[in-house]
Amino acid sequence: MTQTAMHWIALQWPPEASQDLPPEALAWWALRFTPHVAWVDEALLLEVSGTLRLWGGRRALLRRIHEENPLPALASQAQAATSLVALARLRLRVMGQPSAARATELPLHALGAARPHLPLLSQLGCRTWGDAAALPRAGLARRCGPALGQALDVAFGRGPDHYPWATLPERFVQRLELPTRVDDA
């Protein structure tokens, strides 16, 4: 059985720009590109593997996202085969740090589940995702809890992504000024 390749895009706006629109409005905007949109920490994640062909490929989709951005400046974007790798690459780009080509070489501080445990992992000699993944799973779970191991499984494609996907409300109210007089619709 073959598994289709996933493709994730992570988007993040500067804090001053994102004050203009609430987070749910940005998620609703992103739903035009894919039905799989979720806020994870500071970033908006889009799983676009099912819609790439509709948009004419990855480059065309990224160009469209950039052109239709509802805020003046798209601060940063990153992409990868798993959601957590895309999110880590986005975090590194925002911090001005280079990103590793392979997920095993990404620094631990770019993985949200590892952040509370960085001092301990550093004492164990772990600097990268691959270092942490190489630790015995039982010992890692005992010292750091199950969340770090689960996050590493998701990052390396061994576990599924579980996110609360954004949905549009069934009813909403919005005023719209029409350019000319309208007597009936």
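Now for a look at the structure at hand. In every chain, residue numbers begin from 1 and rise along the written sequence. The predicted origin of the model limits local features to residues at a pLDDT of at least 70 and limits the giving and counting of side-chain atom pairs to 80 or more, whereas totals for whole chains, interfaces and linings rest on all residues. Each side-chain value is derived from all of the structure's non-hydrogen atoms; neither hydrogens nor water enter the calculation.

A word on the packing of helix H4 (residues 83-95) against helix H8 (residues 146-155)
Fitted lines through C-alpha atoms give the axes, limited to the stretch in contact for helices. The angle between two N-to-C directions lies from 0 to 180 degrees. Helical segments are the DSSP runs of H or I of at least four residues, strand segments are the runs of E of at least two, and each set is numbered from the N terminus. At a minimum axis distance of 7 Å, the contact between H4 and H8 shows a crossing angle of 95 degrees. Between H4 and H8, the crossing angle belongs to the class labelled roughly perpendicular. Contact residues: Ser83, Leu84 and Val85 in H4; Ala151, Val154 and Ala155 in H8. Angular relationships are summarised with four words: roughly parallel below 35 degrees, roughly antiparallel beyond 145, roughly perpendicular across 65 to 115, and oblique for the angles in between. Should any heavy atoms of two residues lie within 4.5 Å, those residues are considered in contact.

Focus on the nonpolar core
Most often, soluble globular proteins have nonpolar side chains that are buried together. By convention a nonpolar core is built from buried Ala, Val, Leu, Ile, Met, Phe, Trp, Tyr and Cys residues, the set being connected through side-chain atoms within 4.5 Å. Using a 1.4 Å probe on the protein chains alone, a residue whose accessible area is under 20% of its type maximum counts as buried, one over 50% counts as exposed, and one in between counts as partly exposed. Counting residues in hydrophobic clusters, the biggest one holds 34 residues, and the most contacted among them are Leu84, Leu106, Leu111, Leu121, Trp129 and Leu148. Elements with a minimum of two residues in this core: strand E1 (8-12), strand E2 (37-40), strand E3 (43-47), strand E4 (76-80), H4, helix H6 (129-134), helix H7 (137-144) and H8. The biggest single contributor to this core is H4, with seven residues. Not counting residues up to four positions away in its chain, the partners in contact with leucine 111 are Leu84, Arg91, Trp129, Leu148, Ala151 and Leu152. Residues Trp13, Leu26, Phe33 and Trp55 belong to the second largest nonpolar core, which totals 20 residues.

What to know about the environment of leucine 87
Along the chain, leucine 87 turns up in helix H4. A relative accessible area of 2% means that leucine 87 is categorised as buried. A sequence separation of 14 residues divides leucine 87 from alanine 101, and the C-alpha atoms of the two residues are 14 Å apart. Setting aside chain neighbours within four positions, we find leucine 87 in contact with Ala10, Val40, Asp41, Glu42, Ala43 and Leu45.

Notes on the sheet that holds E1
One open sheet accounts for four strands, arranged E2-E3-E1-E4; its pairing is antiparallel. The sheet terminates laterally at E2 and E4, the two strands that pair on one side only. Taken over all neighbouring pairs, the strand axes of this sheet differ in orientation by 25 degrees on average, direction set aside. Where E1 lies against E3, four bridges are found, and the strand directions are antiparallel. Note on E3: the bridge partner recorded for tryptophan 8 is glutamate 47. Against the sheet, helix H1 (residues 23-30) touches E1, E2 and E3, its axis set at about 145 degrees to E2. Packing of H4 onto the sheet brings it into contact with E1, E2, E3 and E4, and relative to E4 it is tilted by some 145 degrees. We treat two strands as partners when DSSP finds at least two bridges between them.

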